[in-house]
Amino acid sequence: MSKLFSELKLKDVSLRNRIVVSPMCQYSAEEGVPNEWHLVHLGARAIGGASLVIAEATGVTPEGRITPGCTGLWNDEQAAAWEPIVKFVKRHGAAAGIQIGHAGRKASANRPWEGDDHIPASDPRAWEPLGPSAVAFGGNLPRVPHDMSKDEIAQLQRDFVAAAKRALGAGFEWLVLHFAHGYLAQSFFSPIANKRTDEYGGSFENRARLLLETLSAVRAVWPEKYPLTIRLGVSDFNPEGQPMEESIELVKQLKAKGLDLIDVSLGFNSPDVSGVPWGPAFMAPFAQRIKEEAAIPTAVGWLITQPQQAEDIVAKGQADLVMLAHQELDDPHFPYHAAKALGVAQPHQVLPSQYAHWLKGR
Ligand code: NDP
């Protein structure tokens, strides 16, 4: 019996298997409003058999977008535009999730295929990035962020809450708070980016404060019956970043405030990634450690490309869910192909009838 193709129930959401479409920015929205590109991109992957399709990093404010083409949830027009996309995903048997966040000092950038660098401050498309401190990320993102006041931190939390309410209204049933990849929340936790001397910087308790407060505020409006999850960069693989022990303690504290699952990822608070132990499924052991030490369900991605690899991660209990991004772009029917490769009975049933009927017995 394949564990990858076993169901998982988290709160009131039942997932048909353990294959999740990882949030992937499409840089294709206008004024933060998703469109037919997002419908086809996300819809195709629901058709392909994934159990949970998570929409891209979506800005809680205009300034929270990574690029001008990123989606948003700061107004009702955006929420209304997500609705048909959510309906389509659910109609084809996948749960619909969304990742909300603020890009912090990495905001105001060009699309990856148009430079992947900060838009020059003089360009009318640019805006001022925010950060915990006036410290630039560096490399291709040299702009020095504006260090946030406490009023701005309080407003940020209200923006997360408002976006969560809109996500709920649009029909999403799985929420991911983006606490990874060097974006704003992650940068507050990281001693690489956070040099504050007030109660939001310095000690572990202070660097964790914004993340804990934000999760608590969102939990208060996000229904108990739906999973509230985070993507957390558990390590920068850099001696100047937070130690893994701090990440584990943070997850324990977030769990006490209502966190249901953690998607275990990297910090990326510095352009120097030379310490990252790149290799097949290299984050899986970290997911296992968090799962065991913080006693919480985990999800994990990164260099997971093969059905057996995904199967082994779930079967060994390293993670409850496998997050696929590049592999799902390469093959939106990865779940169907994985079911065949793993010898799952009636693999065509992973697909909707419109396709399954014609693929029966193949
Ligand atoms: P993959 O296994 O496909 O990709 C791993 C990434 O690691 C690639 O971007 C690759 O960079 C980089 N990488 C691999 N080996 C090395 C190395 N030796 N040195 C430096 N960099 C290396 O992982 P996933 O598909 O699971 O994606 C990982 C994350 O990226 C997920 O969080 C996913 O959500 C996100 N993602 C976002 C996308 C988007 O926003 N549009 C698209 C795809 C993924 P390179 O490509 O330069 O080789």
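Look up: the structure comes first, before these words.
A quick note: this is a predicted structure, and the numbers were derived from the prediction, not measured. (Residues numbered from 1 in each chain as written. Predicted model: local features only at pLDDT ≥ 70, side-chain atom pairs only at ≥ 80, totals over all residues. Heavy atoms only, no water.)

Draft legend 1. Fine view of the overall build of the chain. A count of helical and extended segments in the chain gives 11 helices and 12 strands. Against the globule reference of 21 Å for 362 residues, the chain gives a C-alpha radius of gyration of 19 Å, in line with a compact fold. Looking at the chain residue by residue over its 362 residues, the buried ones come to 60%. In the chain, the share of contacts with a sequence separation of at least 24, taken over all contacts with a separation of at least 6, comes to 70%. (Helix = DSSP H or I, 4+ residues; strand = E, 2+ residues; numbered from the N terminus. Rg over C-alpha atoms; globule rule 2.2 N^0.38 Å. Buried < 20%, exposed > 50% of the residue type's maximum accessible area, 1.4 Å probe, protein only. Contact = heavy atoms within 4.5 Å.)

Draft legend 2. Representation of the packing of aromatic side chains in the model. Across all of its chains, the model carries 9 aromatic pairs by this definition. Residues W278 and F282 carry aromatic rings whose centres are separated by 5.4 Å and whose planes lie at 65° to one another, so their mutual orientation is edge-to-face. The class for W278 is partly exposed, based on a relative accessible area of 45%. F282 gets classed as buried once you look at its relative accessible area, which sits at 7%. Over the face of the ring belonging to Y183 we find K106, whose NZ or CZ atom lies 5.4 Å from the ring centre. (Phe/Tyr/Trp six-rings, centres within 6.5 Å; stacked < 30°, edge-to-face > 60°. Lys NZ or Arg CZ within 6 Å of the ring centre and 35° of its normal.)

Draft legend 3. View of unusual backbone geometry. In the Ramachandran plot, E31 falls in the positive-phi region, its phi being about 50° despite a non-glycine side chain. Examined against the element boundaries, E31 turns out to sit in the loop between β3 (19-21) and α1 (36-47). What makes E31 exposed here is its relative accessible area of 62%. Here the phi dihedral of S108 falls at roughly 65°; this positive angle occurs in a residue that is not glycine. When you line up the elements, S108 lands in the loop between β5 (95-101) and β6 (130-131).

Draft legend 4. Examining the environment of A162 more closely. Of note, A162 is situated in helix α3 (residues 150-170). Taking C-alpha positions, A162 is 8.9 Å from N75, a pair spaced 87 residues apart along the chain.

Draft legend 5. Examining the site of the ligand more closely. Surrounding the ligand, one finds S22, P23, M24, C25, H181, R231, W278, W302, L303, A325 and H326. Between the ligand and S22, the relevant distance is 2.9 Å, taken from an oxygen atom to a side-chain nitrogen or oxygen of the residue. Between the ligand and P23 there is a distance of 2.8 Å, counted from an oxygen atom to a backbone nitrogen or oxygen. Protein contact buries 61% of the 910 Å² of open area that the ligand shows by itself. Per-class residue counts for the shell around the ligand are 7 nonpolar, 3 polar and 1 charged. (Near = heavy atom within 4 Å. Polar contact = N/O pair within 3.5 Å; in protein donor to acceptor, adjacent residues only side chain to side chain. Areas by Shrake-Rupley, 256 points an atom, 1.4 Å probe, with all protein chains shown as cover. Nonpolar A, V, L, I, M, F, W, Y, C, P; charged D, E, K, R; others polar.)

Draft legend 6. Expanded view of the packing of helix α5 (residues 204-219) against helix α6 (residues 244-256). With their axes 10 Å apart at the nearest point, α5 and α6 run at an angle of 35° to one another. α5 and α6 meet at a crossing whose hand is right-handed. Between α5 and α6, the residues in contact are F204, R207, A208, L211, L212 and L215 and E246, E249, L250, Q253 and L254, respectively. Counted by class, the contact of α5 with α6 contains 7 nonpolar, 1 polar and 3 charged residues. (Axes fitted to C-alpha atoms, helices over the stretch in contact; angles between N-to-C directions. Left-handed = near helix turned anticlockwise from the far one by under 90°.)

Draft legend 7. Summary view of the environment of A287. Here A287 lies in helix α7 (residues 284-294). Using a relative accessible area of 0% as the deciding quantity, one classes A287 as buried. Residues A287 and A319, spaced 32 residues apart in sequence, show a C-alpha to C-alpha distance of 6.0 Å.

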